[in-house]
Amino acid sequence: MTVDQLRDIAGAVPDPEIPVLTLHDLGILRDVQLAADGTVEVTLTPTYTGCPATAVIAGDVETALRTAGVARINVRTVLSPAWTTDWMSQDGHRKLREYGIAPPVACQPAQSALSAPRSIGLTLSARCPRCGSTTTREISRFGSTPCKSLWACLSCAEPFDSFKAI
Amino acid sequence: MTAASLSRQPLDSADIDQADIDQADIDQADIDQIALASYVLGLGDDTLILAQRLGEWITRAPQIEEDIALGNIALDLLGQARTLLSYAGELEGKVTGTSRGEDDLAFLRDEREFRNVHLVEIENGDFAVTMARQLIFSAYQYELYTALLTSTDPTLSALAAKAVKEVAYHRDHATQWVLRLGDGTPESHDRMQAALDQVWPYVEEIFDTADTADILTALPGVAADPAALRPAWSRYVEAVITTATLSLPAPTWRSRGGRAGYHSENLGHLLPDMQNLHRSHPGASW
């Protein structure tokens, strides 16, 4: 198998928490190499340092490659360069919207509440993935997984998750 | 240096010189490694112990969003702790020949071997006390990781680049709550002020350069001098406090000794909770 084929197999593994996204869509598959002794070296980076899905993802990549007939696999996790939501593919953005999660906006440092101390939601409004309204409200900057925040749409009254820009 | 001589005072460079170690066995590189391991362990223990404390809020926070927020923040800190403790164990292993893993360090050390500052081990108190502690600690970590971005140690700079983005969210979370409670009702204002007064004696210890002197001398460019983080920290925190219509506390005492392993009884109560499962069922997994 060529390195490109191996990269496609590893890249097609779905994220365990948001299964509509592949590792390629997320941008966390950093590298796939074929060593001289036939070992496939896969490099992943976590979304958040404490993300519990990281170990599961490494196991899923190994399983996918093994199923494809690769005997020797070495999956390692690197922190640098630090993952950013800017690495998510445009296809990933579309899939997230269709799944009901607002995709991340272009990365900017998390703003401080100090810059406008009496308002609470300071980042750009997330667009409601159900009705498309931008009349939305951030409920909490921390959601059901480390990478998401919790929002409510004021037009269709539905709550929704938004992917945090980091 | 033998493993036996180190195991009595693991990762404590301050005691190495006085320990009954044959000086001829130690070379400078080993002393530098121990200083680095000790520094990394201190940072790792801060994040581990605070993660454990914040986890105590889950199911007890004032609203479900706060359960989730504090759980998420604890998880980020635990992720940082895993990187730091693994690295500390690896560095220690280079000198002793037997490295301890992250779980060994988290679950099999006793109170005197923990190197965290006192701030992170104090009890959660009411929600205002936890937010006061979060403001102090996340603003400190924000400056710490910003400084470590340029560390010459590749593991520390890589972690810093990752963690500074997480900590920016933690700092913002604490800021929003201190503003809301301080500039809220008379009751919330008084309790927020009482919380600041309660945690402020623990601030000085965080910025105590003496605790980091070994590593700053041994390996310049690797660690961040805590005292140098203070001005930017003060600017940020004091602006929050002023905007929240609160006043800056003037404590009459200060904590010290956490980095040398001297702790309050709070840590003694926290550790059995954190370590019991691992010690009762070694190697348990699910």
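Residues numbered from 1 in each chain as written. Chains lettered and ligands numbered in written order. Predicted model: local features only at pLDDT ≥ 70, side-chain atom pairs only at ≥ 80, totals over all residues. Heavy atoms only, no water.

(A) Seen up close, the state of the cysteines. Residues and elements named next belong to chain A. The full count for this structure, using the stated rule, is 0 disulfides over all chains. Unpaired in terms of disulfides, C128 finds its nearest cysteine sulfur in C153, a separation of 3.8 Å. Of all cysteine sulfurs in the structure, the one in C51 sits closest to C147, which takes part in no disulfide; the separation is 6.4 Å. Among the residues examined, C147 registers a relative accessible area of 9% and is labelled buried. (Disulfide = S-S within 2.5 Å. Buried < 20%, exposed > 50% of the residue type's maximum accessible area, 1.4 Å probe, protein only.)

(B) Representation of the sheet that holds strand β6 (residues 148-153) of chain A in the model. Residues and elements named next belong to chain A. One open sheet holds the 4 strands; their spatial order is β4-β7-β6-β5, and the pairing between them is mixed. Edge positions in the open sheet fall to β4 (101-102) and β5 (136-140), since each of these has one partner strand only. Bridge count between β4 and strand β7 (residues 159-163): 2 bridges; the pairing is parallel. Within β7, the position partnered with A102 by the bridge is S162. (Pairing = 2+ DSSP bridges. Helix = DSSP H or I, 4+ residues; strand = E, 2+ residues; numbered from the N terminus.)

(C) The arrangement of the interface of chain B and chain A in detail. Between chain B and chain A, the residue contacts involve 30 residues of the former and 30 residues of the latter. Buried area between chain B and chain A, both sides added, is near 2600 Å², and the carbon and sulfur share of it is 66%. Interface area lost by chain B to chain A is led by K162, K165 and Y169 of chain B, which between them contribute 28%. At the junction of chain B with chain A, the criterion picks out 1 salt bridge. The interface formed by chain B and chain A contains 8 residue pairs in polar contact (both at pLDDT 80 or more). Elements that contribute at least two residues to the side of chain B that touches chain A include exactly α4 (64-96), α7 (154-182) and α11 (226-243) of chain B. (Contact = heavy atoms within 4.5 Å. Buried area = accessible area lost by both parts, 1.4 Å probe. Salt bridge = Lys/Arg side-chain N within 4 Å of Asp/Glu carboxyl O. Polar contact = N/O pair within 3.5 Å; in protein donor to acceptor, adjacent residues only side chain to side chain.)

(D) Seen up close, the pairing of strand β2 (residues 40-44) of chain A. All names here are of chain A. The buried fraction of β2 is high, at 4 of 5 residues. For strand β1 (residues 29-34) and β2, the ladder comprises 5 bridges, and the chain directions are antiparallel. Paired with L34 across the strands is V40, a residue of β2. Between β1 and β2, which pair antiparallel one after the other, the connecting turn spans 5 residues, and G38 there sits at a positive phi close to 90°. Pairing of β2 with strand β3 (residues 73-77) involves 5 bridges; the strand directions are parallel. Bridge pairing in β3 places V42 opposite V75.

(E) Geometry of the environment of I49 of chain B. Residue and element names in this part refer to chain B. Following the sequence through the fold, I49 ends up in helix α3 (residues 28-55). When the C-alpha atoms of I49 and L267 are compared, they prove to be 8.5 Å apart, with 218 residues separating the residues in sequence. Ignoring any residue separated from it by four or fewer positions in sequence, one finds I49 in contact with F114, N116, V120, E121, L267, L270, L271 and M274.

(F) The packing of aromatic side chains, seen in detail. Residue and element names in this part refer to chain B. Scanning the entire structure with this criterion turns up 9 aromatic pairs over all chains. Consider the rings of F127 and W177, whose centres lie 5.0 Å apart with planes at 85°: the pair is edge-to-face. With F127 in helix α6 (residues 127-148) and W177 in helix α7, this residue pair connects regions lying 50 residues apart in the sequence. On the accessibility criterion, F127 (11% relative accessible area) is buried. (Phe/Tyr/Trp six-rings, centres within 6.5 Å; stacked < 30°, edge-to-face > 60°.)

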